[in-house]
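# Commentary on secondary and tertiary structure
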Amino acid sequence: MNSFMLYSVLNTVFVLLVSPLFISLIKKTKAYTQGRRGPSLLQTYFLIVKLMKKEVIYSSNSSMIMRITPYLNITFMLAASLFVPLLFIPALSPGIGNIFLFLYLLVAAKFFMALAGLDAGSTFGGMGSSREMTLSAVIEPVVIIVFATLAFVFRTMNMHEMFTQSLGTSILINPPVLLISLSLFIILIVETSRIPVDNPETHLELTMVHEAMILESSGSNLALMELSHAIKQTLLMGLLINILMPWGLAREPGLVNIGVATAMFIMKGVILAIVVGLFESSVAKMRLFRLPALFMQAFFLAFVTILFELLNRL
Amino acid sequence: MTLNTVFFSGLAIFIIALLVPLPFVRRSIKGINRISQWLHILANMLFIFLSLFLLITGQSLQTTLYQIIPSAGFSFVIDRLAAFLIFTISIVSLCAGIYSLTYEKSAPENKKCLMASLTSFFVLSMLLVVASKNTFSLLFFWETMSISSFFLVMFDHEQKLTQKSGLFYFIMTQMSTVFLLFAFLAMYSATGSFDIQPVSGISSGMKALLFLCLFIGFGIKAGVMPFHKWLPYAHSASPSNISALMSGVMIKVAIYGILRFVLFTLGPELWWGILILVFGSVSALLGVVYALKEHDLKKLLAYHSIENIGIILLGVGLYIIFQSFNLPDLALLALAGGLFHTLNHALFKSLLFLTAGSVVHATGTRNIEEMGGLIKRMPVTGMLFLVGAVSISALPPFNGFVSELMIFQAFFRSFQVGEPFVVVFLFVALAMFALTSALAAACFVKAFGTVFLALPRSKEAEKANEVSMPMLIGPAILAVLCVVLGIFSFQIISYAGYDLATPDLLTVGVFIAIFLVLTMVTVVLTGNRKSRISETWGCGLTSQNSRMEYTASGFSEPILTIFRPIYRTSKLSQRSFSDKTESIFRNGAGQIKTFKLFEERIYMPVAGFIQRLSSKIADSQDVDLDTHILYAFITIVVLLAIAWWVL
């Protein structure tokens, strides 16, 4: 239990510290491809500190939903962060690690965010909530099938066990992992509101989804929402990294191990963030009703993986 | 011995509660229904106590009330499964009973007496269906359950819509009885006894026929698609406390029938499991898809009942499939998931129906487009509804999540099944189930958002007030149970003696609490603590009104567009113009029509056929006496011929 306490403290602090970096890095990458210099890599940290110092403005229409959502959101995200070890894999705990619980913690955060979008009575908020829940309804079967495939490939539903296993194997001898990583990448793009699904930089009513829901948030509430979005991105990146390229992730805590793991994770995260930035720069935003086609690709890849595994064992 | 005493005193109190108001239906005395209601609550408490005792100690209770003929009579046995269902029924009836104390306050006294009496009759019948030891007594109480609930649905019988709903319900419920009657008689002829016991030594064709009859018979009552059509009608027409009972527990009694007869009396075969799984998936998905387009709050909840019955059937179907592949661990997990969902759905659905009843009571409408902003006017009801909404959307750490998790886990581990085709089939069913679960969350964001958040959309919603204390206490008990059964699920399941490898939600719950406190402390210490109230940003408009808000139809529009093939929505528009080039618009009309697949393609053709057939038969009855005597003669000859051929 002592090691688990150490894990939860370290992992949580690391997630909180590293998440804003990846957000800035993607922005920076996109800026470079557009021929701009872009904001500093510390910009997201500054933004959160600045927002914390500002007063909170509530709409006169809003209720307690608006007031509790930022706190619930970051809480669900931090709870979910325990499921994705970024530095070292702790000893098994009966409550932590179930891949299904991980997914539904993310869904719970989304549920309250969508309610908060409706709370102020603004048309934008309602539009954002409506679109977000639509996208979520279509992407969730894909996520579940992808996660079921992961459970199938690794023969376990515990994420910590999956990562332990993926540490021991190489993708070269495990082609299903490569296939499923493509699906995980699409999920990462969709769930973090990136182009072609959503555009995190826009405030144009026709295109925004995630931004529309948090339009009425301000001050420390907005800071919490931004931070939890950043954490969500890190978690999904961490999931992909730990499955596809887990090298460096420590099996047990130790000063050297954790040092190496920190350096390795930041490096892998930087690479993935740049890939995401480049991907975002190379595609155009899709129409809302065209998106199910994108999701079907991830769905298809997951099903191919299942068939692959079934054939493997015949 | 003492257990029997508790059982019989429970029965006795129910019967007193049933009889006391009856003499006063014509000439009522104020408050007589109160006596009946309190007795009802007391009797439910006794049954909760009894069933909990039986569940914890693992004992079973056997008793006989009245033996009509040696082979048939009213005998009861309460084993663990029955005790579980009895616990579910009585806990929901208890809370609905508390809620009813002040609900329908404005109804006339004699109606209130009738309602109190019928409610006791209804709950008693449900309890005895579950406790029945033989098919004779089961079918008897099944019928009293149907009849009492029919009268309760017809509570507002002055309204046209209620009459239609009641009639629809009555016909469907009688159809269910016909199928059950046939199955039970066939079972009697096979075993020579009315007792519910494993049937053996019948041909597989007969067994298949029996299964289909039982499945259709119980399926109609459970609201399995395509036999579900009565459910949204009856649930929305009846008073909310009755809807809570019908949706929360009556359809679970049908699930009990499926479990008892299909799983434990007939030995199930693989294709039964697949059939049940297909019906379950379709009910779950279409239930929620239809719920999404529904703007009548109670109909919306009714469609969600169909969805959740589908989810329970997924557990049952998986159990049969895993059993036939000899995977007892997985089978147990699936069945436990289905059973736990039975209890959970009973809790959160009756919670939702009761709070929805309060909302309807306060606003006087069932249309969610005319509500809004109610969380500020009815804060407690709003919070209780939110608990129900979070539970039904299967969000952790609430109870709905746990049971769906168990079924999901059973699906996830289905790769252990040896047959690749079955594995692929199960993964397809899994995808449908996942879609269902996601759409349910979307639907409840819509429902909670439109009913409780933003600005009120009508004068009635503006003037709504919080309901009285009993109407809050009843749902509040259910809400507490939803949370407790979620967070402590792991401990409860372990205590019951099962190891199902579900995650311990208490750990996550503790972490959530720690993180919540830490975040709040951090924000208070480092953040700016000032806050002020201002207008919602309206693109420069100075005052905002409710017409600018997102509506429920607007909210579900993108989903409706994506699932257009299911809804078969057609948009009709008529326009006329003042000039030839059609550029100056004069007037026009637009309409969005959703195709009612089941009503137009299944129910109406069948009804039409029966109508034509019966008009033909009616023609042959309109004749003189001689012909009637001829009919009687022919009948006797035919009967004699059949008897001669059979014997």
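Residues numbered from 1 in each chain as written. Chains lettered and ligands numbered in written order. Predicted model: local features only at pLDDT ≥ 70, side-chain atom pairs only at ≥ 80, totals over all residues.

## Side note on the overall build of chain B
Stated precisely, the cut-off is as follows: Each helix corresponds to a stretch of at least 4 residues labelled H or I by DSSP, and each strand to a stretch of at least 2 residues labelled E; elements are numbered beginning at the N terminus. We compute the radius of gyration from the C-alpha atoms alone; for a globule the expected value is 2.2 Å times N to the 0.38, where N is the number of residues. The burial label depends on the number of other C-beta atoms within 10 Å of a residue's C-beta. Counts of 20 or more mean buried, 12 or fewer mean exposed, and intermediate counts mean partly exposed, with C-beta atoms placed from the backbone. Note that contacts rest on C-beta atoms placed from the backbone: two residues are in contact if these are within 7 Å.
Within chain B one finds 24 helices and five strands. Its C-alpha atoms give chain B a radius of gyration of 27 Å, near enough to 26 Å, the size a compact globule of 647 residues would have. Looking at chain B as a whole, 51% of its 647 residues qualify as buried. Contacts spanning at least 24 positions in sequence make up 77% of the contacts within chain B whose residues lie at least 6 apart.

## Examining the overall build of chain A
Along the backbone of chain A there are eleven helices and one strand. Against the globule reference of 20 Å for 314 residues, chain A gives a C-alpha radius of gyration of 19 Å, in line with a compact fold. If one aligns the C-alpha atoms of chain A with their principal axes, the spans along those axes are about 60 × 45 × 45 Å. Going through the 314 residues of chain A one by one, you find that 59% of them count as buried. The long-range fraction of contacts in chain A, counting pairs at least 24 apart against all pairs at least 6 apart in sequence, stands at 80%.

## Here's the deal with helix α2 (residues 32–57) of chain B
Test applied: Expected helix span is computed as 1.5 Å times (number of residues minus one).
With 26 residues, α2 of chain B extends 38 Å from end C-alpha to end C-alpha; this agrees with the ideal 38 Å at 1.5 Å per step. Where α2 of chain B terminates, the next one or two residues include Gly-58 of chain B, which has phi positive at roughly 75°.

## Quick notes on unusual backbone geometry
For the peptide bond that leads from Ile-195 of chain A to Pro-196 of chain A, omega is 10°, which places it in the cis range. Mapped onto the fold, Pro-196 of chain A is located in the loop between α7 (175–191) and α8 (210–213). Going from Met-225 of chain B to Pro-226 of chain B, the amide bond is cis rather than trans, its omega being 5°. Structurally, Pro-226 of chain B is set in the loop between α7 (204–222) and α8 (230–237). Non-glycine residue Arg-155 of chain A carries a positive phi angle of around 60°. Residue position: Arg-155 of chain A is located in the loop between α5 (123–154) and α6 (159–168). Residue Arg-155 of chain A is classed as partly exposed on the basis of its 13 C-beta neighbours within 10 Å.

## Some words on the interface of chain A and chain B
How large an interface is tends to be reported as the accessible area lost when its parts come together. Let me state the cut-off plainly: Under the scheme applied here, ten amino acids are nonpolar (Ala, Val, Leu, Ile, Met, Phe, Trp, Tyr, Cys and Pro), four are charged (Asp, Glu, Lys and Arg), and all others, including Gly, are polar. For two strands to be treated as a pair, DSSP must find at least two bridges joining them.
Chain A puts 66 residues into the contact, and the matching count from chain B is 65 residues. Of all the secondary-structure elements, those providing two or more residues to the side of chain A that touches chain B are α2 (43–53), β1 (56–59), α3 (64–81), α4 (99–119), α5, α9 (219–244) and α11 (291–313) of chain A. It is α5 of chain A that contributes the most residues to the side of chain A that touches chain B, 18 residues altogether. Among the residues forming the side of chain A that touches chain B, the class breakdown is 41 nonpolar, 18 polar and seven charged. Here β1 of chain A runs beside strand β3 (residues 531–534) of chain B; their pairing, made up of four bridges, is parallel. Considered in β3 of chain B, the bridge of Ile-57 of chain A is made with Arg-532 of chain B.

## Quick notes on the confidence of the model for chain B
To be explicit about the condition: In predicted models, pLDDT denotes the confidence assigned by the predictor to each residue on a 0 to 100 scale.
Averaged over all residues, the pLDDT of chain B equals 85, while 99% of them reach at least 70. Mean pLDDT values over the elements of chain B span from 76, in strand β1 (residues 61–69) of chain B, up to 92, in helix α14 (residues 379–392) of chain B.

## Let's talk about the packing of helix α6 (residues 160–191) of chain B against α7 of chain B
For any two helices packed against each other, the geometry comes down to the angle between their axes and how far apart the axes lie. Residues and elements named next belong to chain B. Using the following cut-off: Throughout, an axis means a line fitted to C-alpha atoms (over the contacting stretch in the case of helices), and angles, computed between N-to-C directions, take values from 0 to 180 degrees. Comment on the angle field: the value is read as roughly parallel under 35 degrees, roughly antiparallel over 145, roughly perpendicular from 65 to 115, and oblique elsewhere. Each crossing is labelled by how the near helix is turned from the far one, with a counterclockwise turn of less than a right angle marking it left-handed and a clockwise turn marking it right-handed.
Where α6 contacts α7, the axes come no closer than 8 Å and their chain directions differ by 150°. Taken together, the axis directions place α6 and α7 in an arrangement best described as roughly antiparallel. Note that α6 runs across α7; the crossing there is left-handed. Counted together, Met-172, Thr-173, Met-175, Ser-176, Phe-179, Leu-180, Phe-182, Ala-183, Ala-186 and Met-187 of α6 and Leu-210, Cys-213, Leu-214, Ile-216, Gly-217, Ile-220 and Lys-221 of α7 form the full contact between these two elements. Looking at side-chain class alone, the contact of α6 with α7 contains 13 nonpolar, three polar and one charged residues.

## Side note on α4 of chain A
End to end, α4 of chain A covers 31 Å across 21 residues, agreeing with the expected 30 Å (1.5 Å per residue, within 8%). In terms of burial, α4 of chain A is a largely internal element, 20 of the 21 residues being buried.

## Section: the domain arrangement of chain B
Selection rule: The source of the domain bounds is an automatic or database domain assignment.
Taken domain by domain, chain B consists of domain 1 (268–294 + 317–514 + 551–561) and domain 2 (597–646). Here domain 1 of chain B and domain 2 of chain B have C-alpha centroids that lie 46 Å from each other.

## With respect to the packing of helix α1 (residues 2–33) of chain A against α9 of chain A
All names here are of chain A. Between α1 and α9, the shortest axis-to-axis distance is 8 Å and the interhelical angle comes to 90°. In terms of their interaxial angle, α1 and α9 are classed as roughly perpendicular. Between α1 and α9, the residues in contact are Val-15, Val-18, Ser-19, Pro-20, Phe-22 and Ile-23 and Leu-227, Ala-230, Ile-231, Gln-233, Thr-234 and Met-237, respectively. The class makeup of the residues in the contact of α1 with α9 is nine nonpolar, three polar and no charged.

## Observations regarding the environment of Phe-76 of chain B
Residue and element names in this part refer to chain B. As for its placement among the helices and strands, Phe-76 is situated in strand β2 (residues 72–78). Linking Phe-76 and Val-129, residues 53 residues apart in sequence, is a C-alpha distance of 9.1 Å. What Phe-76 contacts, discounting residues up to four positions off in sequence, is Thr-63, Leu-65, Ala-131, Ser-132 and Lys-133.

## Quick word on the environment of Tyr-233 of chain B
All names here are of chain B. You can see Tyr-233 is positioned in helix α8. On a C-alpha basis, the gap between Tyr-233 and Ile-512 in space is 41 Å, while along the polypeptide they are 279 residues apart. Apart from residues no more than four positions distant in its own chain, Tyr-233 is found in contact with Ser-165, Phe-168 and Tyr-169.

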